[in-house]
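Coordinates in review
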Amino acid sequence: MTAPFRAALLAASLMIVPGMAAAQQAPAAPAAQPAPQAAPQAAPAPQAEGRKLFMGKTCVACHGRDGSKAIQMYPNIAGLDAAYALRQMDEIASGERLSGNDARGYPRTQSMKDIMHLVSAEERKAIADWLSTLTPPKPAGQPADAERVAKGKDLYDANECAACHGPDGKEPQAEMPAVGGQKREYIALQIKEIRDGIRKNGMSESMVPFAQKLSDEQVDLVADYLAQVDRSAK
Amino acid sequence: MMKTVHWLAAASAMSVLVAVSAGQAAGPVQVPQSDKKVWMSEGSERDEALKLTPNYEKGKEIYEVCSACHMPEGWGLTDGTFPEIAGQHRTVLIKQLEDIREGNRDNPTMYPFALPSEIGGAQAVADVTEYIARLPMNPENGVGPGTDLEHGKKLYADNCVRCHGEQGEGAAEKYYPRIQGQHYNYLVRQYQWIKEGKRRNANPDMVEQIKFFTDKDTLAVLDYVSRLKPDPKLVGPKGWKNPDFQ
């Protein structure tokens, strides 16, 4: 290996940040165009900026328009606490938030992790702030039968989930996620993965003793209950 | 001064390679669904999709979800996170979509969008690929540092022309992709993954052909490829925006 390449390899190994290399802008062929001189204008309203980023940085593809029509088992994220949402973005990007695997064998968070280098810290904050202003969607999908919902509610109440997530999962403590009205499959996965130590980021470890009291069957009942909570009506 | 520029260019290119070899991101331990390497799967929906008459208008509707990452123009991102797919051979598009769907090619981000539950069955694949294949290409794709092009040109002539063609135009009937006009960083990532076996649906002849390429060779030949120009008839104007999605 020649000296310049050895130096380059050393520099590269020092530079490596997950995903950073993919974000490198390879120098394009010269296109000598001066930046257009726009008339000075007020900065776009923060909410407009957050929405624009949400649409332009691929978020909409998985989480749906207005963060309310997520595909597959991905969560709806409209109306989430801004600090919580920002934290999830950062922790999925850094690998601090982990998940189990989908049917194909990919970690469920991998599809998002692999594109987070596209979104800077300021942009993430703008998106999170915008999301927090949105009205959550009405509960999606078929509600479970009344008996399951009732059992789920009993478990939720008896297990003191409301201490952090609020009554009906509607008004959580600061920086906690609102779980009412979230997609059933997503709720069930998160409870189980927190319970089983697969997901450990943020405050989720403090949830482990509570979640450990629930069998899989009971988690599913809690999920059935929470999924039909309507947070869209204020 | 030139030496500094070369050093920096080499460093940024090498960082792409090293990060790619590390699996692009240090994340949770990957549990691949399969180690199976299949170039041309048998009994695939691919063959069915190829036989169907495509509906361009339906393809446009389906493409809306793809546009979130591949952009409305189908140009992807010049940093190579998402490839340009505009103007790719329809056979290649169908094959790659089906390979991702069937698990012959790993792509966690794209996987949900290849699923029948998201975009539809064989007819949907036929439709959307017709739309994508007909999109004009990006005249300003991401290119490499331009520091080793003579070397890259020779490597290309000796190793790649046979399948990818003199201008990197590929061969539709053989499923060899058009690589001219593709983003440099994307080429580097795919090439490395083909070389390392991480891209499991790679053509085994190619894996063999590039076995002895050094990192310097890789970057040189792909820089050269990134600068190969498609037939102007296939290329859109600079800054073109797709009117179908405005």
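It should be emphasised that the depicted structure is a prediction, and the values quoted were computed from it without experimental measurement.

So, how was this worked out
- Residues numbered from 1 in each chain as written.
- Chains lettered and ligands numbered in written order.
- Predicted model: local features only at pLDDT ≥ 70, side-chain atom pairs only at ≥ 80, totals over all residues.
- Helix = DSSP H or I, 4+ residues; strand = E, 2+ residues; numbered from the N terminus.
- Buried ≥ 20, exposed ≤ 12 C-beta atoms within 10 Å, placed from the backbone.
- Contact = placed C-beta atoms within 7 Å.
- Axes fitted to C-alpha atoms, helices over the stretch in contact; angles between N-to-C directions.
- Parallel < 35°, antiparallel > 145°, perpendicular 65-115°, else oblique.
- Nonpolar A, V, L, I, M, F, W, Y, C, P; charged D, E, K, R; others polar.
- Domains from an automatic or database assignment.
- Expected span 1.5 Å × (residues − 1).
- Arc of directions from axis to C-beta.

Let's talk about the overall build of chain A
- When you go through chain A residue by residue, the secondary structure sums to 11 helices and zero strands.
- Its helices and strands in sequence order give chain A the pattern α-α-α-α-α-α-α-α-α-α-α, from N to C terminus.
- Counting all 234 residues of chain A, 41% fall into the buried class.
- Sequence separation of 24 or more characterises 71% of the internal contacts of chain A that already satisfy a separation of 6 or more.

A short note on the packing of helix H9 (residues 184–195) of chain A against helix H10 (residues 204–211) of chain A
Residue and element names in this part refer to chain A.
- The interhelical angle for the contact between H9 and H10, taken along N-to-C directions, is 95°, at an axis separation of 8 Å. In terms of their interaxial angle, H9 and H10 are classed as roughly perpendicular. Contacts from Ile 191, Ile 194 and Arg 195 of H9 reach H10 at Ser 204, Met 207, Val 208 and Ala 211.
- A class-by-class count of the residues in the contact of H9 with H10 yields five nonpolar, one polar and one charged.

Topic: the domain arrangement of chain A
- Partitioning chain A into structural domains gives domain 1 (45–137) and domain 2 (139–234).
- Its C-alpha centre places domain 1 of chain A at a distance of 20 Å from the equivalent point of domain 2 of chain A.

Section: helix H10 (residues 184–196) of chain B
- In a regular helix each residue adds 1.5 Å, so 13 residues correspond to 18 Å; H10 of chain B covers 18 Å between its end C-alpha atoms and thus fits that length.
- Just downstream of H10 of chain B lies Gly 197 of chain B, where phi reads positive at about 85°.

Some words on unusual backbone geometry
Residues and elements named next belong to chain A.
- A positive phi angle, near 50°, is found at Gln 72, a position not held by glycine.
- Note on placement: Gln 72 falls in the loop between helix H3 (59–63) and helix H4 (82–94).
- One non-glycine residue, Glu 160, lies in the positive phi region at around 60°.
- Assignment of secondary structure puts Glu 160 in the loop between helix H7 (146–158) and helix H8 (162–165).
- In this structure Glu 160 comes out as exposed when scored by C-beta crowding, with 11 C-beta atoms within 10 Å.

Notes on helix H8 (residues 149–159) of chain B
Residues and elements named next belong to chain B.
- Of all the positions in H8, only Gly 152, Leu 155 and Tyr 156 are classed as buried. In an axial view of H8, the angular spread of the buried residues amounts to 100°, which keeps them on one side of the axis. Summarising the geometry of H8, the exposed residues directed more than 90 degrees from the buried face are Glu 150 and Asp 158.
- Looking at the buried side of H8, the elements it contacts are helix H9 (161–164) and helix H12 (215–226).

Things to note about the environment of Trp 193 of chain B
Residues and elements named next belong to chain B.
- Mapped onto the secondary structure, Trp 193 falls in helix H10.
- Sequence separation between Trp 193 and Ile 85 is 108 residues; the distance between their C-alpha atoms is 19 Å.
- If near-sequence neighbours (up to four positions away) are discounted, Trp 193 is found in contact with Lys 198 and Arg 199.

Focus: the environment of Glu 147 of chain A
- Within the secondary structure, Glu 147 of chain A sits in helix H7.
- Separated by 78 residues in the primary sequence, Glu 147 of chain A and Tyr 225 of chain A place their C-alpha atoms 9.7 Å from one another.

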